[in-house]
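Residues per chain, in single letters:
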Amino acid sequence: MTYARRAWIVLWKDALTERRAKATLNALLFFSLLLLFIFQFTLGGDRERLVAALPGLLWLSFVLTGLVGLGRAFLVERENDCWDGLLMTAGDKSAIYLGKVAGNMVLMLLVEVILLALFALFFNVDIGRALPALALVLPLGTVGFAAVGTLFAAMTAHVRAREVLFPVLLLPVQIPVLLGAVKATDAALAGEGLGAVAHWLQLLGAADVVYLVAGLLTFDALLEG
Amino acid sequence: MNRALGWLAVIGLAGGLIMAFGVAPREVTQGNVQRIMYLHVPTVLVAYLAFAVVLVASIAYLWRRDPAADRLAHASAEVGVLFTGLTIVAGAIWGKPTWGTWWTWDARLTSVAILFVMYLGYLLLRGMIEDRERAARYSAVLGIVAALDIPLVHFSVYWWRTLHQPPSLLKPGPATMSQGILAALLVNIVAFALLYVYFVAKRATVLRREEEVPA
């Protein structure tokens, strides 16, 4: 079996489990809808203020739903000795990591697109012009987040106080990605074009590559349990 | 061995104090406050050295699975966090009289603060895992990711800050160093490096003895 095929199988297995159990996606969407409400109530009804803070609020909600969603990525493997099954698979184990990252990316991007639509609807923002730029910025930011998030989720799956430790480890490491993503989203929403934030996009791209390579190389050491 | 290192560090620190308060001239614009630099700069340099050692030791551990590499990473991370904390505190004490504030979201301050929380998380992870071998593997992975993150943090925070305000106002220290100041700084850097080596060696020894004790 080729490397890509093994990664695909992990992704497929997770997608199938999610489709049947509907354990994560529904809850995440509901959670992000609640976040939207919370922003409205805590920041007040001043639309101008909300729109000015929109790039930050968007990524804040992506990160919070990501923390809830990604933290669960490996919990399903702890049941029915699935972890041992993963350990016994033949070949390079990093294919499992790649499959998990891809799955988490799909999950996060889905939530992000729906959140974006909800933000546009509830806060009455016209995002039509910004969509092509956002179609580049959102995946760039999400790859980095999912790459480290998946790695740390595997790390904290066996640790007590996992719910606290996962965000505490992930958030500081993700500050470069967050800064870059918010700046690029800001430019995209303002309709400035991405030329002015090219250096941020490069940083995001570099971060994505660094995190993915680090994850692929070190995942083996985490899978041992 | 450890004892000799300790005495070397003590001699170095004594020399550093003499240089900082006796030999180095009083800085013209800032006055005596500037002498905090002889603590502030060496501690931050040693902190970076410590995190570089964590990276190398972490890679070595994943490669060879030698517990000694893990003890080195553990000890170095602890001392690194300590020195980062010292840097922040010394910087705040220096910042209050010169900039008029304990803390500002300047690029360099922010970078060091992020490093501090990142490696604090590293120590937290270590503390949460009872199994020694697993703690070693997990923290090795985190030690590598955290170190790779340092350049990204630096670039992003630098761009983030400099787009808002020019750094000219917040440039600490004299623009050009006099010979006396430079010499005092170098002596202190060597002294704190010796102190770092002593702390790490001592801590690694304690960690080894802890492993020898049956749980």
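Trainee: Help me understand the overall build of chain A, please; the structure alone is not making it clear to me.
Mentor: Along chain A, the regular secondary structure elements total ten helices and zero strands. Counting helices and strands in the order they occur from the N terminus, chain A gives α-α-α-α-α-α-α-α-α-α. A globule of 225 residues ought to have a C-alpha radius of gyration of about 17 Å, and chain A, at 18 Å, matches this closely. Its C-alpha atoms put chain A at 55 × 35 × 30 Å along the principal axes. Split into buried and exposed, the 225 residues of chain A put 43% on the buried side. At a minimum sequence separation of 6, the contacts of chain A that also span at least 24 residues come to 82%.

Trainee: What is the right way to look at the overall build of chain B in this model?
Mentor: Helix and strand content of chain B: six helices and zero strands. What you see in chain B, going N to C, is helices and strands ordered as α-α-α-α-α-α. Relative to the compact-globule value of 17 Å for 215 residues, chain B shows a C-alpha radius of gyration of 19 Å, a close match. Referenced to the eigenvectors of the C-alpha coordinate spread, the extents of chain B come out at roughly 60 × 45 × 25 Å. When each of the 215 residues of chain B is scored for burial, the buried share is 43%. For chain B, the proportion of contacts with a sequence separation of at least 24, taken over those separated by at least 6, is 81%.

Trainee: How do you make sense of the interface of chain A and chain B when you look at a structure like this?
Mentor: Note on interface size: it is often stated as the accessible area lost on association of the parts. Between chain A and chain B, the residue contacts involve 25 residues of the former and 25 residues of the latter. With nine residues, helix α10 (residues 198-223) of chain A is the single largest residue contributor to the side of chain A that touches chain B. Of the residues assigned to the side of chain A that touches chain B, the class counts are 20 nonpolar, three polar and two charged.

Trainee: Explain the environment of Ile175(A) to me, please; I cannot follow it from the model alone.
Mentor: The topology assignment puts Ile175(A) in helix α9 (residues 175-189). Here Ile175(A) falls in the buried class, since 21 other C-beta atoms lie within 10 Å of it. C-alpha of Ile175(A) to C-alpha of Val213(A): the two residues are 38 residues apart in sequence and 19 Å apart in space. Residues contacting Ile175(A), with those up to four places away along its chain left out, are Ile114(B), Val153(B) and Ser156(B).

Trainee: Is there a simple way to explain the nonpolar core in this structure?
Mentor: One recurring pattern in soluble globular proteins is that nonpolar side chains are buried together. Counting residues in each nonpolar core, the largest one holds 131 residues, and the members touching the most others are Val148(A), Leu151(A), Ala50(B) and Val141(B). Discounting chain neighbours no more than four positions away, the residues touching Val148(A) are Leu170(A), Val173(A), Gln174(A), Tyr211(A) and Val145(B).

Trainee: Sorry, what's going on with the environment of Leu124(B) here?
Mentor: Within the secondary structure, Leu124(B) is located in helix α4 (residues 107-128). Judged by the 16 C-beta atoms lying within 10 Å of it, Leu124(B) falls in the partly exposed class. As for Leu124(B) and Ser139(B), which are separated by 15 residues in sequence, their C-alpha atoms are 9.8 Å apart. For Leu124(B), the contacting residues outside a window of four places in its chain are Leu165(A) and Val168(A).

Trainee: It is not clear to me how helix α8 (residues 162-173) of chain A should be interpreted in this structure. Could you clarify?
Mentor: An α-helical segment advances 3.6 residues per turn. Residues three or four places apart therefore align on the same side. In this model α8(A) runs 17 Å from its N-terminal to its C-terminal C-alpha over twelve residues, within 8% of the 16 Å that 1.5 Å per residue would give. Those residues of α8(A) that sit buried are Leu165(A), Phe166(A), Pro167(A), Leu169(A), Leu170(A), Pro172(A) and Val173(A).

Trainee: I would appreciate a short explanation of unusual backbone geometry in the present structure.
Mentor: With phi around 60°, Ala161(A) is a residue other than glycine that occupies positive phi space. Assignment of secondary structure puts Ala161(A) in the loop between α7 (131-156) and α8. Its 12 C-beta neighbours within 10 Å are what place Ala161(A) among the exposed residues. A positive phi angle, close to 55°, is found at Arg65(B), a residue other than glycine. Structurally, the position occupied by Arg65(B) is in the loop between α2 (37-64) and α3 (67-99).

Trainee: I would appreciate a short explanation of helix α4 (residues 54-70) of chain A in the present structure.
Mentor: All names here are of chain A. The first and last C-alpha atoms of α4 sit 23 Å apart over 17 residues, in line with the 24 Å expected at 1.5 Å per residue. Taking burial as the measure, the 17 residues of α4 include twelve buried ones, the bulk of the element. Looking at α4, one finds that the buried residues are Leu54, Pro55, Leu57, Leu58, Trp59, Ser61, Phe62, Val63, Thr65, Gly66, Gly69 and Leu70. Residues of α4 that are buried sit in contact with α2 (25-43), α3 (47-52), α6 (94-122), α7 and α9.

Trainee: Just to check I follow, could you spell out the packing of α2(B) against α3(B) for this structure?
Mentor: To describe two helices that pack against each other, one gives the angle between their axes and the distance between the axes. All names here are of chain B. Put simply, α2 and α3 touch, their axes get as near as 7 Å, and they point 160° apart. When the axes of α2 and α3 are compared, the pair comes out roughly antiparallel. Handedness of the α2/α3 crossing: left-handed. Its residues assigned to classes, the contact of α2 with α3 comprises 20 nonpolar, eight polar and two charged.

Each value, and the rule that gives it
Residues numbered from 1 in each chain as written. Chains lettered and ligands numbered in written order. Predicted model: local features only at pLDDT ≥ 70, side-chain atom pairs only at ≥ 80, totals over all residues. Helix = DSSP H or I, 4+ residues; strand = E, 2+ residues; numbered from the N terminus. Rg over C-alpha atoms; globule rule 2.2 N^0.38 Å. Buried ≥ 20, exposed ≤ 12 C-beta atoms within 10 Å, placed from the backbone. Contact = placed C-beta atoms within 7 Å. Nonpolar A, V, L, I, M, F, W, Y, C, P; charged D, E, K, R; others polar. Core = buried A, V, L, I, M, F, W, Y, C linked by C-beta atoms within 7 Å. Expected span 1.5 Å × (residues − 1). Axes fitted to C-alpha atoms, helices over the stretch in contact; angles between N-to-C directions. Parallel < 35°, antiparallel > 145°, perpendicular 65-115°, else oblique. Left-handed = near helix turned anticlockwise from the far one by under 90°.

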